[in-house]
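# Overview (structure and organization)
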Amino acid sequence: MSGATADWAWWLGLVAGAVPLLALAVWHCTDAFHSAAFAFRRRGTRARLPPGHMGLPFVGETLALIWYFNLARRPDAFIEAKRRRYCYGDGDDDGGIYRTHLFGSPAVLVCSPASNGFVFRSAPPGSFGVGWPVPELVGASSLVNVHGGRHARLRRFVLGAINRPGSLRTIARVAQPRVAAALRSWAAKGTITAATEMKNVTFENICKIFVSMEPSPLTEKIHGWFTGLVAGFRSLPLDMPGTALHHARKCRRKLNSVFREELERRKVKMVTGEGGDDDGDLMSGLMHVEDEQGRRLDDDEVVDNIVSLVIAGYESTASAIMWATYHLAKSPSALAKLREENLAIAKEKNGDGFITLEDVSKMKYTAKVVEETIRLANIAPMAHRVALRDVEYRGYTIPKGWKVIVWIRSLHVDPAHYDNPLSFNPDRWDKSAELGTYQVFGGGERICAGNMLARLQLTIMLHHLSCGYKWELLNPDAGIVYLPHPRPTDGAVMSFSEL
Ligand code: HEM
């Protein structure tokens, strides 16, 4: 062998040996760093981290998550890979708890009925907070951001204004004319992109229900500001001109000022008595509702909660309605049963044909379609918390400051809890889900404050759709992406016409 060839072979050997070793070292360094920091802080105790691995430096397992959710389009394989690796027996043997590194932070991921229930409900008070990265984006004094007694007080106000029979009855009346008009306009178009149309009609309805605003150039601007605001929640923490976070902050300021102006206008009206002081909407409800001591919300609380309720309730509901039309288009027998029940209800009605809350309580099959849609859509696949102190769970420690990701989705697609879980089968709701296996609206003290409102909006839409219209997916085999929310890649393009 010549000298030059020997040099070559030597370098080649070095590279072939060193590159994998280096890659292995890089792969382990984040995990080793956080594990060592934890072991040092808790030295002399038997505290141990949950099983798992933290992936690459800085990005952790975020790229793997994106790969599973949006490129491989097998979102459940992310958790399955962990279960295969760390679970030694049946589903709960490892406690349904893993360490990972996601969205820029060390995190613990929980994904079983028991471990989710622990985080949502049964952990000692003060264990977990909501930990929004930029609280002013959601509103510093909004329900989704405050804790303890303040949260309980605000929650009573908000539930009173949107989730109780009295308010739902009014909402049913206010929402239906717009739904009926939207469906007529879709039929006139003949072809629609369901994801877009459902968002538009849901947003218009929310503006009407929350602040009595009719569609106008201003509500279009508001819609754009909400879109910019929501994009900021998921953005990199970089606040400079041109970044999503910077734009989101601007949108938030504009929304605050629009709703603040509206609030001031109403206060003047209250003082002058001009036109009465109750507009019968959510803003009015929040302005007037009183706690046991007769106290009312202050102006910041009213504005912050209006904004955060729109954020929480608008895209989620629109997405649920889109998924209902999608699954029904693929399940003719379910659609036939739905139609039969709703036509029977419609027959009993005279006049405008709008349903009431009393009708809704009779619509048993429709209720099953609603639950099955929400289960399978997994619109909120995870909920986020932060550990406020070291929290012990089944022999593991969730370290203070780490994020806690409650992987709600995995419960709803687990064959141990639902037969053939990925199929759309409203009849499975002939019996209730097993305890702790249905957490579409979260759980515990932060369970969705608008869950009855979401169900009502979906029921109203299903009633008018099934009684008067037919629709067909134009790309029934379109792929599905799962981030930031699950949706067909084409947005569910469908032909749409009167029955
Ligand atoms: C299908 C539609 C919906 C789904 C799947 C959904 C899901 C959820 C989930 C999973 C949570 C818990 C989050 C956590 O624990 O961090 C939540 C909380 C919340 N949701 Fe919904 N939601 C929907 C519709 C709505 C609507 C229509 C509203 C109101 C207009 C609403 C208002 C809220 C509020 C205010 C919270 C926070 C409650 C608190 O912190 O006390 N949601 N939602």
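Keep in mind the model is a prediction, meaning the values are calculated, not measured.

Among protein atoms, the single one acting as a donor to the iron atom of the ligand is Cys 448 (SG), 2.3 Å away. Structurally, Cys 448 is set in the loop between α16 (409-412) and α17 (451-468).

Attention now goes to the nonpolar core. Residues Phe 226, Phe 259 and Trp 407 are the most contacted members of the largest nonpolar core, which totals 114 residues. Excluding residues within four positions of it along the chain, Phe 259 makes contact with Val 211, Ile 222, Phe 226, Met 283, Val 303, Ile 306 and Val 307. In this structure, Val 119, Ala 383, Ile 398 and Val 404 belong to the second largest nonpolar core, which totals 21 residues.

Mapped onto this numbering, the UniProt entry annotates "transmembrane region" (unreviewed entry) at residues 12-30 and 51-69. Secondary structure across residues 51-69 divides into 42% helix and 0% strand, with the first and last C-alpha atoms of the span separated by 22 Å.

Once that is clear, we can look at empty space enclosed by the protein. On inspection of all chains with the given rule, the structure shows two cavities of 30 Å³ or more. There is about 90 Å³ of room inside the largest cavity. Forming the walls of the largest cavity are Ala 175, Val 179, Val 201, Thr 202, Asn 205, Ile 321, Gln 457, Ile 460 and Met 461. Elements supplying a minimum of two residues to the lining of the largest cavity: α7 (165-189), α8 (194-211) and α17. Among the residues making up the lining of the largest cavity, the classes are represented as six nonpolar, three polar and no charged. Within this model, the second largest cavity holds a volume of roughly 30 Å³. Lining of the second largest cavity is provided by Phe 203, Ile 206, Cys 207, Phe 210, Val 211, Ile 222, Phe 226, Phe 259 and Val 310.

Below, the discussion takes up the UniProt feature "binding site: heme" (unreviewed entry) in the protein. When the UniProt feature table is mapped onto this chain numbering, "binding site: heme" (unreviewed entry) sits at Cys 448. Owing to a relative accessible area of 27%, Cys 448 belongs among the partly exposed residues under this scheme.

Rules and cut-offs
Residues numbered from 1 in each chain as written. Predicted model: local features only at pLDDT ≥ 70, side-chain atom pairs only at ≥ 80, totals over all residues. Heavy atoms only, no water. Donors = N, O, S within 2.8 Å, 3.2 Å for Na, K, Ca; no water. Helix = DSSP H or I, 4+ residues; strand = E, 2+ residues; numbered from the N terminus. Core = buried A, V, L, I, M, F, W, Y, C linked by side-chain atoms within 4.5 Å. Buried < 20%, exposed > 50% of the residue type's maximum accessible area, 1.4 Å probe, protein only. Contact = heavy atoms within 4.5 Å. UniProt positions renumbered as here; feature names shortened; annotations may be inferred. 1 Å grid on protein atoms, 1.4 Å probe; cavity = no way out; pocket = protein on both sides within 12 Å on 5 of 7 lines; lining within 4 Å. Points joined across faces, edges and corners; volume = space filled by probe spheres on them. Nonpolar A, V, L, I, M, F, W, Y, C, P; charged D, E, K, R; others polar.

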